[in-house]
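This is what each chain is made of:
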Amino acid sequence: MVMRQAVSVQANLRQQVKPRSGGRSQNRLHVQKALMEYLLLGRIETK
Amino acid sequence: MAIKHFLQFRDFTRDEFEYVYERTRWIKNEFKSYRKHWPLCDRTLVMIFEKASTRTRLSFEAGMQQLGGSAIYLNTRDSQLGRGEPVEDAAQVISRMSDLVMIRTFEQEIIERFAANSRVPVINGLTNEYHPCQILADVCTYVEHRGCIQGKTVAWVGDANNMCNTWLQAAEVLDFKVNVSTPPGYEIKPDQIGVGDRSHFEVFADPMDACRGADLVTTDVWTSMGFEAEDEARRKAFADWCVDGEMMRAARPDALFMHCLPAHRGEEVAAEVIDGPQSVVWDEAENRLHVQKALMEYLLLGRLQG
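Residues numbered from 1 in each chain as written. Chains lettered and ligands numbered in written order. Predicted model: local features only at pLDDT ≥ 70, side-chain atom pairs only at ≥ 80, totals over all residues. Heavy atoms only, no water.

**Focus on the overall build of chain A**
Test applied: Strands here are runs of E lasting at least two residues and helices are runs of H or I lasting at least four, both read from the DSSP assignment and numbered beginning at the N terminus. Whether a residue is buried, partly exposed or exposed follows from its accessible area with a 1.4 Å probe, protein chains only, as a fraction of its type maximum: under 20%, in between, or over 50%, in that order. All accessible-area figures derive from a Shrake-Rupley calculation using a 1.4 Å probe, and residue coverage is judged against the displayed protein chains alone.
On a plain count of helices and strands, chain A comes out with two helices and zero strands. Going through the 47 residues of chain A one by one, you find that 11% of them count as buried. Carbon and sulfur atoms make up 57% of the accessible area of chain A, which totals about 4,600 Å².

Rendered as structure tokens:
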């Protein structure tokens, strides 16, 4: 259940990311922060 | 706003150094008083080491933590600039995941290329040509003990290495003089480091003459990192370039002695000097921590008050 949701998040992001290698490598940082937060804390309302 | 780097000593103006030294005093005092100063909270420093280090890693890592940020250590297994991946590509990626980068590497050209492709400030943690963070700390230590360095004389005894090169740049920026004495065959190359104003340095064949009347006497190991194969030849060539009591007596009575460490007693410096009353080597080592905190704060946040 949790894994399926994470895959879904990644898929949504993949559609949004522009195909630039610099931006892609930078997004490793940001998306992994979101992933770790989600795995540990679940859904948090974005302010 | 253009990104500011600290790749050579001459990258800053005298006015900027005065600000950084003033800020160092404040940061050091706050830290010694156990008051938190966390301007770099959530910020990340990446430290790339392609050569061994003790003081540089310790001072940057501790310094970043004391400013509220975190530091990541990469060595040659993790990142080989220009070998595993083009320097330019490494700079793009690393600078997109961090806020500040410190690099210790071989040729100055490597760090210059990295900085040209970096989105964040880059600090030179030592290259074959320069060691600006060490001279930043050395001048800070001189100012702390004796006041303004402008118009003073620094005697450099020994190898014309990255420390010597950086002293020569510092003399131009901060308006003091360097008396240089190196063994034959190991002379300075001022043109290669862009030091053209001969009024800020003088070359002496005899190290005693270089020390005469100096306000500060300083030296470094005879064999710097990367020159280990020349060790035996250097031991012979540098035998008379050991800072001893006689040289310190030729300097001013209130002259200081500095060494960036590690030191080899009985080689480039006599034990009576480095362990003597004129030596400020431990203050010098400690000041790497404080002055680099001020440097990192300045590169990321510009001028602050209080």
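**Some points on the packing of helix 3 (residues 87–96) of chain B against helix 4 (residues 108–116) of chain B**
Residue and element names in this part refer to chain B. Formally: Fitted lines through C-alpha atoms give the axes, limited to the stretch in contact for helices. The angle between two N-to-C directions lies from 0 to 180 degrees. Oblique is the label for any angle not covered by the other classes, which are roughly parallel (under 35 degrees), roughly antiparallel (over 145) and roughly perpendicular (65 to 115). Crossings are classed by handedness, with left-handed meaning an anticlockwise turn of the near helix from the far one by less than a right angle and right-handed meaning a clockwise turn. In this analysis, two residues are considered to be in contact whenever any of their non-hydrogen atoms come within 4.5 Å of each other.
Running from amino to carboxyl end, helix 3 crosses helix 4 at an angle of 50°, the nearest separation of the two axes being 8 Å. In terms of orientation, helix 3 and helix 4 fall into the oblique class. Our pair here, helix 3 against helix 4, has a crossing hand that is right-handed. Every residue of helix 4 that contacts helix 3 at Val87, Glu88, Ala90, Ala91 and Ile94 is listed here: Ile110, Arg113 and Phe114.

**Observations regarding the sheet that holds strand 9 (residues 256–259) of chain B**
All names here are of chain B. To be explicit about the condition: By this definition, two strands are paired if DSSP reports at least two bridges between them.
With parallel pairing, five strands are arranged side by side in an open sheet as 7-6-5-8-9. The open sheet is flanked by strand 7 (201–203) and strand 9, the only strands paired with a single partner. Neighbour-to-neighbour, the strand axes of the sheet open up by a mean angle of 20°, direction not taken into account.

**Some remarks on the environment of Ala170 of chain B**
Residues and elements named next belong to chain B. Structurally, the position occupied by Ala170 is in helix 6 (residues 162–174). Under the relative-accessibility criterion, Ala170 is labelled buried at 0%. Expressed as a C-alpha distance, the spacing of Ala170 and Phe114, which sit 56 residues apart in the sequence, is 23 Å. Not counting residues up to four positions away in its chain, the partners in contact with Ala170 are Phe9, Ile135, Asp175 and Phe176.

**A few points about helix 5 (residues 132–146) of chain B**
All names here are of chain B. Condition: Helices are assigned an expected span. That span is 1.5 Å times one less than the residue count.
Over its 15 residues, helix 5 extends 21 Å from the first C-alpha to the last, a length consistent with the 21 Å expected when each residue adds 1.5 Å. By the criterion of burial, helix 5 is predominantly enclosed, with eleven of the 15 residues buried. Those residues of helix 5 not exposed but buried are Pro132, Cys133, Gln134, Ile135, Leu136, Ala137, Asp138, Val139, Cys140, Thr141 and Tyr142.

**Things to note about the interface of chain A and chain B**
Heads up, the rule is: Simply put, the buried area is the total loss of 1.4 Å probe accessible area from both parts when two parts are fitted together. By definition here, a salt bridge exists when the distance from a side-chain nitrogen of Lys or Arg to a carboxyl oxygen of Asp or Glu is within 4 Å. N or O atoms closer than or at 3.5 Å make up a polar contact, with two conditions inside protein: a donor-capable atom paired with an acceptor-capable one, and, for residues adjacent in sequence, both atoms drawn from side chains. Throughout this entry, Asp, Glu, Lys and Arg are counted as charged residues, while Ala, Val, Leu, Ile, Met, Phe, Trp, Tyr, Cys and Pro are counted as nonpolar. The remaining residues, Gly among them, count as polar.
Counting residues at the interface gives seven residues for chain A, matched by four residues for chain B. Roughly 480 Å² of surface becomes buried between chain A and chain B when both sides are summed, with 55% attributable to carbon and sulfur atoms. In this assembly, chain A and chain B are joined by zero salt bridges. Counting every contact that joins chain A to chain B gives one residue pair in polar contact (both at pLDDT 80 or more). Across the side of chain A that touches chain B, the residue classes break down as one nonpolar, four polar and two charged.

**A look at the pairing of strand 8 (residues 216–219) of chain B**
Residue and element names in this part refer to chain B. Of the two faces of strand 8, the one carrying Leu216 and Thr218 and the one carrying Val217 and Thr219 are both buried. One ladder, built from four bridges, connects strand 8 with strand 9; its direction is parallel. What sits directly across from Thr219, in strand 9, is His259.

**With respect to the pattern of salt bridges**
Residue and element names in this part refer to chain B. A full pass over the atoms with the stated rule returns 20 salt bridges over all chains. One salt bridge in this structure joins Arg234 and Glu230, with 2.9 Å as the shortest N-O distance. Linked through salt bridges whose partners overlap, the residues forming this network are Glu88, Glu109 and Arg113.

**Section: unusual backbone geometry**
Residue and element names in this part refer to chain B. Leu261 connects to Pro262 through a cis peptide bond whose omega is 5°. Structurally, the position occupied by Pro262 is in the loop between strand 9 and helix 10 (271–274). Positive phi, normally seen in glycine, also occurs at Leu126, with a value near 120°. You can see Leu126 is positioned in the loop between strand 4 (122–124) and helix 5. A positive phi angle, near 60°, is found at Asp175, a position not held by glycine. Its place among the elements puts Asp175 in the loop between helix 6 and strand 6 (177–181).

**Brief notes about the side chain of Arg23 of chain B**
Residue and element names in this part refer to chain B. As for its placement among the helices and strands, Arg23 is situated in helix 1 (residues 14–32). Here Arg23 falls in the buried class, since its relative accessible area comes to 4%. The contacts of Arg23, once residues within four sequence positions are left out, are His37, Ala294, Glu297, Leu304, Gln305 and Gly306.

**Some remarks on the packing of aromatic side chains**
Residue and element names in this part refer to chain B. Let me state the cut-off plainly: Here is the rule: rings of Phe, Tyr and Trp (six-membered ring for Trp) pair when centre to centre is within 6.5 Å. Planes less than 30 degrees apart are stacked, more than 60 are edge-to-face, and the remainder are tilted.
Overall, the coordinates contain twelve aromatic pairs over all chains when judged by the stated rule. An angle of 75° between the planes, with centres 5.5 Å apart, marks the rings of Phe12 and Tyr298 as edge-to-face. Placement of the pair is Phe12 in the segment before helix 1 and Tyr298 in helix 11 (residues 281–301), with a sequence separation of 286 residues. In this pair, the class of Phe12 matches that of Tyr298, namely buried. Measuring from ring centre to ring centre gives 5.9 Å for Trp167 and Phe176, while their planes differ by 80°; the resulting arrangement is edge-to-face.

**Section: the confidence of the model for chain B**
Our working rule: A residue's pLDDT is the predictor's confidence in that residue, given on a scale from 0 to 100.
Confidence in the prediction of chain B, expressed as mean pLDDT, is 95, and 99% of residues score 70 or more. Interface confidence for the predicted complex, expressed as ipTM, amounts to 0.71; the pTM equals 0.90.

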